[in-house]
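Each chain, written out:
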Amino acid sequence: MLLLATYDTKAEEAEYLIRALAALGVDVDKIDISLHAKGAQWGPEDKLKGMEAATKRAIEEIAATKAKGRRMVVAIGGGTGGQIALQVLRSLPISMPKVLVTTLPFDPRYIIADSSIVLVPTVADLCGLNATTRTALDQAAAIAGGLYHSTLPTGPIPLTPSIGVTTLGVTGPGTDALCARLRKGGDEVTVFHANGFGGAAFTRWAQMGAFKAVVDYTPHELTRNYIAGAHVDMPERFSAMGGLPRVILPGGVNFIGMGEAALLPDVYKARPHYAHSPLFTHVQCSEAEMLTCADILGEALIAATAPVRVLIPMGGFSSEDRPGGTIENEALRHAFADRLEAHIPLTRLPGHINDPDVAHAAADMLQEIT
């Protein structure tokens, strides 16, 4: 096993973890990801350069150890060290077990959205050993030791080409019906949560050849990427699948995904909105925003090199876009469909996106083009 750590600041914690791993029968080699500032207080520009240099050194050193048959990598770090470690771990094969032990004084979603990294929070800061950090490090050792002694693959992820599907809670009944139909027909289905972060993994899997076809049932990330809302950078979200047979529906393109309702900016409070959960609020899109999304999606679809089918359920694009729903708006649905149809032919259905008949129609369309 390889252990990454900022040994100039976390040597005590790293050595404790090494001893805990040794007790579990795990041999550890060390890689230092320290900045090597030698006590100097670097300015912002120098610090960023130092972080890039530390990341590059570690990636090169790991590459040089591949011949030694290392099966996994564990990293330990605080704020700066944790961010360096994440960049190093992201460079490793997806199927290789990777564990990061950190205080996480930052939001890791933007870095690990398309990766498979196990995060072990230390709760207390890694500033010496105490009852809290020792417990966290013991737990990290147990997790890492279990992975190390398992028979997990360490090479390229074994891909069985499946059908990639996007979903959200607001389109869940529809995608559940779709997936049940596809699986009944003998297909493997891989589902991704299109919440501004899951789409990054959806994109990476498409680029890796994990899909034989795609049903982008919930392209809600159009609004997050091009209107408003939290999201990771994913410029190829709607183009990476261009070489695959694809069916697309407008799930979730009618709202913007925001944070807690009490924290909404006034401009969004004035619109129809509702609390999807205590942490997330869905705000109705304006017509101009819907048209923007239709143009961006249309341009991506007409550039595709494989067959594309577009299905528009005119009864509603999400769970609350229905008669009596909080953000129901028939005019917006027609505006979106009309603008998208100016780019690419589409089929309109009277049902709601969560109706089983709509899901089955999507499955039928996919069957026609595969």
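Note that the structure is a prediction, hence the values are computed from the model and not measured. (Residues numbered from 1 in each chain as written. Predicted model: local features only at pLDDT ≥ 70, side-chain atom pairs only at ≥ 80, totals over all residues. Heavy atoms only, no water.)

A. Molecular detail of the sheet that holds strand β11 (residues 273-275). In space, the 3 strands of this open sheet follow the order β10-β12-β11, with antiparallel pairing throughout. The open sheet is flanked by β10 (255-258) and β11, the only strands paired with a single partner. Averaged over all adjacent pairs, the angle separating strand axes in this sheet is 20 degrees, with direction ignored. (Pairing = 2+ DSSP bridges. Helix = DSSP H or I, 4+ residues; strand = E, 2+ residues; numbered from the N terminus. Axes fitted to C-alpha atoms, helices over the stretch in contact; angles between N-to-C directions.)

B. Inspection of the side chain of Arg224 at higher detail. Along the polypeptide, Arg224 turns up in helix α8 (residues 221-226). Buried charge Arg224 goes without a salt bridge, the closest partner of opposite sign being Glu221 at 6.3 Å. A distance of 2.8 Å separates a polar side-chain atom of Arg224 from the backbone oxygen of Ala230. Ignoring any residue separated from it by four or fewer positions in sequence, one finds Arg224 in contact with Asn195, Gly196, Gly229, Ala230, His231 and Gly257. (Buried < 20%, exposed > 50% of the residue type's maximum accessible area, 1.4 Å probe, protein only. Lys, Arg positive; Asp, Glu negative; His and termini not counted. Salt bridge = Lys/Arg side-chain N within 4 Å of Asp/Glu carboxyl O. Polar contact = N/O pair within 3.5 Å; in protein donor to acceptor, adjacent residues only side chain to side chain. Contact = heavy atoms within 4.5 Å.)

C. Fine view of the packing of helix α6 (residues 172-184) against helix α12 (residues 356-369). Across the interface, α6 lies against α12 with an axial gap of 8 Å and an inter-helix angle of 45 degrees. Between α6 and α12, the interaxial angle falls into the category oblique. For α6 against α12, the interelement crossing comes out right-handed. Residues Gly174, Ala177, Leu178, Arg181 and Leu182 of α6 lie in contact with α12, whose contacting residues are Pro356, Ala359, His360, Ala362, Ala363, Asp364, Leu366 and Gln367. Of the residues in the contact of α6 with α12, the class split is 8 nonpolar, 3 polar and 2 charged. (Parallel < 35°, antiparallel > 145°, perpendicular 65-115°, else oblique. Left-handed = near helix turned anticlockwise from the far one by under 90°. Nonpolar A, V, L, I, M, F, W, Y, C, P; charged D, E, K, R; others polar.)

D. Seen up close, α12. Compared with the 20 Å implied by 1.5 Å per residue over 14 residues, the 20 Å span of α12 between its first and last C-alpha is a close match. Those residues of α12 lying buried are Val358, Ala359, Ala361, Ala362, Ala363, Met365, Leu366 and Ile369. In this structure, the buried side of α12 is in contact with β6 (162-167), α6, β8 (211-216), β9 (246-248), β13 (308-313) and β14 (347-349). (Expected span 1.5 Å × (residues − 1).)

E. Main features of the nonpolar core. Ranked by internal contacts, the top residues of the largest apolar core, which has 29 residues, are Leu297, Val310, Ile312, Phe336 and Leu340. At the level of secondary structure, the elements contributing two or more residues to this core comprise β10, α10 (287-302), β13 and α11 (330-341). A total of 6 residues in this core trace back to one element, the largest contributor, which is α10. Within the second largest apolar cluster, 24 residues are counted, among which are Ile76, Val101, Leu126 and Ala141. (Core = buried A, V, L, I, M, F, W, Y, C linked by side-chain atoms within 4.5 Å.)

F. Fine view of α11. For α11, with 12 residues, the first-to-last C-alpha span of 17 Å sits near the 16 Å given by 1.5 Å per residue. Of the residues making up α11, those classed as buried are Leu332, Arg333, Ala335, Phe336, Ala337 and Leu340. Those residues of α11 hidden inside the fold are in contact with β12 (281-284), α10, β13 and β14. Taking the backbone nitrogen of Ala331 as reference, a side-chain oxygen 3.1 Å away marks Asn329 as the first, capping residue of α11.

Taken by themselves, the reported measurements are silent on function.
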